[in-house]
Each structure stands twice: as C-alpha cells, then as structure tokens.
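Report on the structure
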Amino acid sequence: MEKDSETNGYLDSAQKGLAAGPGEPGTAAGRPRRCVGFLRRHALVLLTVSGVLVGAGLGAALREFQLSRTQITYLAFPGEMLLRMLRMIILPLVVCSLVSGAASLDASSLGRLGGIAVAYFGLTTLSASALAVALAFIIKPGSGAQTLQSSDLGLEESGPPSVPRETVDSFLDLIRNLFPSNLVVAASHTYATKYRVVIHNTSLGNMTQEKVPTGTEIEGMNILGLVLFALVLGVALKKLGPEGEELIRFFNSLNEATMVLVSWIMWYVPIGITSLVGSKIVEMKDIVVLVTSLGKYIFASILGHIIHGGIVLPLVYFVFTRKNPYRFLLGLLTPFATAFATCSSSATLPSMMKCIEENNGVDKRISRFILPIGATVNMDGAAIFQCVATVFIAQLNNRGLNAGQIFTILVTATASSIGAAGVPAGGVLTIAIILEAIGLPTQDLSLILAVDWIVDRTTTVVNVEGDALGAGILHHLNQKAVKKGEQELSEVKVEAVPNCKSEEEEETSPLVTHQNPAGQAASTPEVESKESVL
C-alpha cells in the first residue's frame, strides 16, 4: 500500500507538471508574469526609493544654474504639499488609533504592553546615548574646528535665543504639555517658557536683573498631550461597557477611514520626496566647505546611527523574537524613505502604520497603540546626535568633561528626547537643555544647525526604526502569551475528557453487561467481518 501511495504521489505531481500551461508561474514562459506581479506588489517601494535617487540627481544638476530663492521655493512646492498632507492626517490618526487601541485591550494587557514599551524605549534610548558619547570621545569631532565661525558657513541669520531656557523650566514644560488646558489649542500649539528680564533698583542705588519665566504658546502640535488624552479616553470608554461601545465603533470607523486616506497619500510620496531632496541640495551654498569643516561631527553622528540602527536595534529584536530582523525591516522601505526625505517622525507615522500592518502582519491593536507613542517619546536617533553635538561643543571650547558631567549628558539626553518635537530640526532645540545642564555655552548651536539637514535624515530613520522594531517585539510577545494561554486551556480540556469517560465506563459497563449480554457478542462478528474484508 505504501508503494502504491508513493507511486500515485509521484504520478500526480508529474501530471500536474505536464498539465501546467505555458503561462503558469512554474515555467519559463511565466517569468514575465512573475516579474509583473513583483513590480505591482512593490511598486510603491520602488517608486519611493527612485524618488530619493532622482531628487539627489536633480538637485546636483540644478546647482550649476544658480537658482534664485524664488525658483528654489517653486521647486520645493510639491514637497511642501506632501508635508502639509501628512501633517493634516496626523491629528485624526493619532487620536483615533490610540483611542481604539486602548479600548480594544483589557486593563491587564494594556498595563503589561505599556510597561514593556516604556522599558524598551528607555533602555534603547539610554544605550543610544552611551554609544554616542563613546564614539564622540573616540573620534573627537571638535578637534581642529576651534577656529570655525558661523559666518564661514553662511549662517549669519541663524543663532540661539538671546536668553536660553533653564533645565528645570524645560522639564516643567514637558509636564505642562502632558496636560493641555485646551485640546483645540493643543492641536496646533505647544506650551513653552520664555523669560522677561525685570530690573530692580535697590536702596543703595544698585540695579539688579531678574529673569522671570513667563508662559507662551508656540506653533507646533502638542502631540504629547494628545497622546495622553487619547489613551485615558480609550480606557474610560472601555470601563463604560455597553454605553461606550457606540463611541468606540465611531473611533474605529474613523481610524479605518483615515488609513484609507493614508493609502491615497502614499502614492504622492515619490513626487514629494523628489522635490524635497532636490530643493534641499540646491539650497546649500557650499557643500564642500561644510563637509570638510564639520566632517568629523557628521561622520560621528552618522556612524552612531548606522551602528545603533544596523546592529543594536536588530540584535534586540532578534534576542526577543528569534527572527530575522532585516527581513522585518525590508517591508518598511517606504516609511524609511519617507523619514529620510521629510526628516519628521510624525509625518512618517501614517506610512509606518500602513506598511507594518500590511507587509509585516503586526496586529492592528499593537501597532496603533505603540507607534503613536513611539513617535512621541522614542527618539534614539535624536539622543545620538544630541550627545555627539554636546561633546563636539565641549571639545570646540576646550572644555573637559568629568564622570559626573558625562552621566548628566546621558540622563538629560534620554529625558529630553522624550519631549523632542517630531518635526525637522526639533532635536536641535533640546541640545540647549543639555548644554545648560553641564554649563556649556550655547552660541555654537549655529554650527549644529549648519549640518542639521544632513544628520537629521539618518536621525529620523533611526527614530522610526526603533518604533517599528518595538511594535514587532510587542506583537511577538503578545502572540506568545496568547498561544501559551490556548495551550494551557487545551491541556485542561484533554485532562478532563479521559476522567469523565473512565467514570462513565466504571458506572455503566456492569449494567450493560447484565441487561444486554448479547450486545458484545453481536459486535464481535462485525469486527471479524471488517477485519476479513481488510
């Protein structure tokens, strides 16, 4: 019988192979069809990567024509439209995804996943800061750049604020932004502390100046406060039970409609990326002088991003999941290209949600819960470039850093990256907090701004990569917990069934034997006849 089955299986496979037509995928004639299918499935990724390359080539070619500022503005117009569309979709996407995600998880799962996410974000950001400080001390980016001035790079108009913010006020602003006084205002403005200098005349005729902090609203979405409000609202709707189900369904429907809009916007991304990259390359005055003057700083920052994003984060993912992290990252090329072109973690959030769910199969409840939080608080790339910039400015001013100051840099960079705005050049403003914490001057921040357009691209890519791998780790741990629960439940059922049967057999078999003694004898010929037929 085994030989017959093997023969039949071989003949079946041979017949299938012969029956395959000339256009089937298994034949040589089906290769064009497979190529067309591959291009159709990965069209968006190929177009996005091509947009980056075309934009770089276009910018390099247009530099020879010495375009005016007005012409550069027109060149950047398609990219500006892309940024406006992505920023338009951020508010409904963040609020609806967090409300529906928090409402779909029970309290224990929400607390467990939230604890794992906070631990992952904190540890990866701290390790990124430590790596950046070590690289800065090894490479010494500030050595040989002491004579560099801002005027050499064409940055006369750029500069730090006249009165820098105190470290305490910066952290108090972070707490204030967690609880916005007006949700409508929080959708477009963020609370920030500014200072008013008050002069006091003493009785002796001396004059003293006092720096009095005053609150003001600056332009920029307070995404931190919106994230906290959406999480609490989702938990509250879950507690309401049947009364809150209608509102939860409303947010779920609005979230799905928002994702449809995101899928439409994604097809415009290649055009916008080409415009953004090309206009930025044309805008720079002298790239050669810039790279040669601050080459060590650029190299240290990008090397830190490559090590952390290419080795450390994939290694953390592999330790938790035992899966190939690079295959996971391969499905996220479109968000990475978007992050590289826009330099904004918040603007990359829509495409990241879409690709991580469709390409990598991450549960929607996990991705829509963790990705908006990660886009706000997880800034591994920003922590790297902030630490390198701090050590660079210290070396620029011939200041030595002791162990206490290094520890302060690590802690402050990790904490301040939480409140860093997910917009272009958002991390530069938080460097002033670190400089004030360790007593370094802030007038050299203009040098950081000169090369921020280069470093900020790899910074944003590492930021969104950390968010994506964190979502993948949480998805794996959640699936593992679900399988463990199902296995325990099946073991309980398997143990319960034999016990019930054994009890029934002990109780009923004597009655059957006495009342119907011919039953067993009648069944014996049937078994013998079946065996004879077989």
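Residues numbered from 1 in each chain as written. Predicted model: local features only at pLDDT ≥ 70, side-chain atom pairs only at ≥ 80, totals over all residues. Heavy atoms only, no water.

One way to put it is that helix H6 (residues 107-139) packs onto helix H13 (residues 295-321) with a least axis distance of 10 Å and a crossing angle of 140°. For the pair H6 and H13, the sense of crossing is right-handed. Contact residues: H6 offers Tyr120, Thr124, Ser127, Ala128, Leu131, Leu135 and Ile139, while H13 offers Lys296, Phe299, Ala300, Leu303, Gly304, Ile307, His308, Leu313 and Val316. Here the contact of H6 with H13 is built from residues that sort into 11 nonpolar, four polar and one charged. (Axes fitted to C-alpha atoms, helices over the stretch in contact; angles between N-to-C directions. Helix = DSSP H or I, 4+ residues; strand = E, 2+ residues; numbered from the N terminus. Left-handed = near helix turned anticlockwise from the far one by under 90°. Contact = heavy atoms within 4.5 Å. Nonpolar A, V, L, I, M, F, W, Y, C, P; charged D, E, K, R; others polar.)

Here we come to the packing of aromatic side chains. If you walk through the whole model with that rule in mind, you get four aromatic pairs. On the basis of an interplanar angle of 70° and a centroid distance of 5.4 Å, the ring pair of Phe250 and Phe251 is categorised as edge-to-face. Owing to a relative accessible area of 11%, Phe251 belongs among the buried residues under this scheme. (Phe/Tyr/Trp six-rings, centres within 6.5 Å; stacked < 30°, edge-to-face > 60°. Buried < 20%, exposed > 50% of the residue type's maximum accessible area, 1.4 Å probe, protein only.)

What follows concerns the nonpolar core. Core analysis: the biggest nonpolar cluster contains 52 residues, and Phe328, Leu332, Ile356, Phe369, Ile370, Leu371 and Ile373 have the highest contact counts within it. Looking at which element gives the most residues to this core, the answer is helix H5 (residues 77-104), with nine residues. Those residues within four positions of Ile373 in sequence are excluded, and the remaining contacts are Leu98, Phe121, Val227, Leu231 and Asn378. (Core = buried A, V, L, I, M, F, W, Y, C linked by side-chain atoms within 4.5 Å.)

Moving on: helix H18 (residues 380-396). The first and last C-alpha atoms of H18 sit 24 Å apart over 17 residues, in line with the 24 Å expected at 1.5 Å per residue. Across the 17 residues of H18, 17 count as buried, placing the element largely inside the fold. Downstream of H18 by one or two residues, Asn398 has phi in the positive range, about 55°. (Expected span 1.5 Å × (residues − 1).)

Glancing now at the pattern of salt bridges. For the coordinates displayed, the defined rule picks out eight salt bridges. For Glu283, the salt bridge is made with Arg69, and the minimal N-O distance between the two is 3.1 Å. Pair noted here: Glu283 is in helix H11 (residues 269-283) and Arg69 is in helix H4 (residues 69-75), with a separation of 214 residues, a long-range link. The exposure class assigned to Glu283 is partly exposed, which follows from its relative accessible area of 32%. Judged by its relative accessible area of 52%, Arg69 falls in the exposed class. Note that Glu283 is salt-bridged to Lys280, the shortest N-O span being 3.5 Å. Placement of the pair is Glu283 and Lys280 together in helix H11, with a separation of three residues, close to one helical turn. Several salt bridges converge on common partners, so that one network encompasses Glu256, Glu357, Lys364 and Arg368. (Salt bridge = Lys/Arg side-chain N within 4 Å of Asp/Glu carboxyl O.)

Below, the discussion takes up the confidence of the model for the protein. Taken over all residues, the pLDDT of the protein has a mean of 79, while the share at 70 or more is 78%. Note that pLDDT drops below 50 for residues 1-25; the model gives that stretch nine contacts with residues more than four away or on any other chain. Low pLDDT (under 50) marks residues 154-162, which in the prediction has 11 contacts with non-local residues, meaning those over four places away or in another chain. (pLDDT = per-residue confidence, 0-100.)

When two helices pack together, their arrangement is given by the angle between their axes and by how far apart the axes lie. Where helix H3 (residues 43-62) contacts H11, the two axes come as close as 7 Å, and the packing angle between them is 30°. Between H3 and H11, the interaxial angle falls into the category roughly parallel. For the element pair H3 and H11, the recorded crossing hand is right-handed. Every residue of H11 that contacts H3 at Leu47, Thr48, Gly51, Val52, Val54, Gly55, Ala56, Gly59, Ala60 and Leu62 is listed here: Val269, Pro270, Ile273, Thr274, Val277, Gly278, Ile281 and Val282. A class-by-class count of the residues in the contact of H3 with H11 yields 12 nonpolar, six polar and no charged. (Parallel < 35°, antiparallel > 145°, perpendicular 65-115°, else oblique.)

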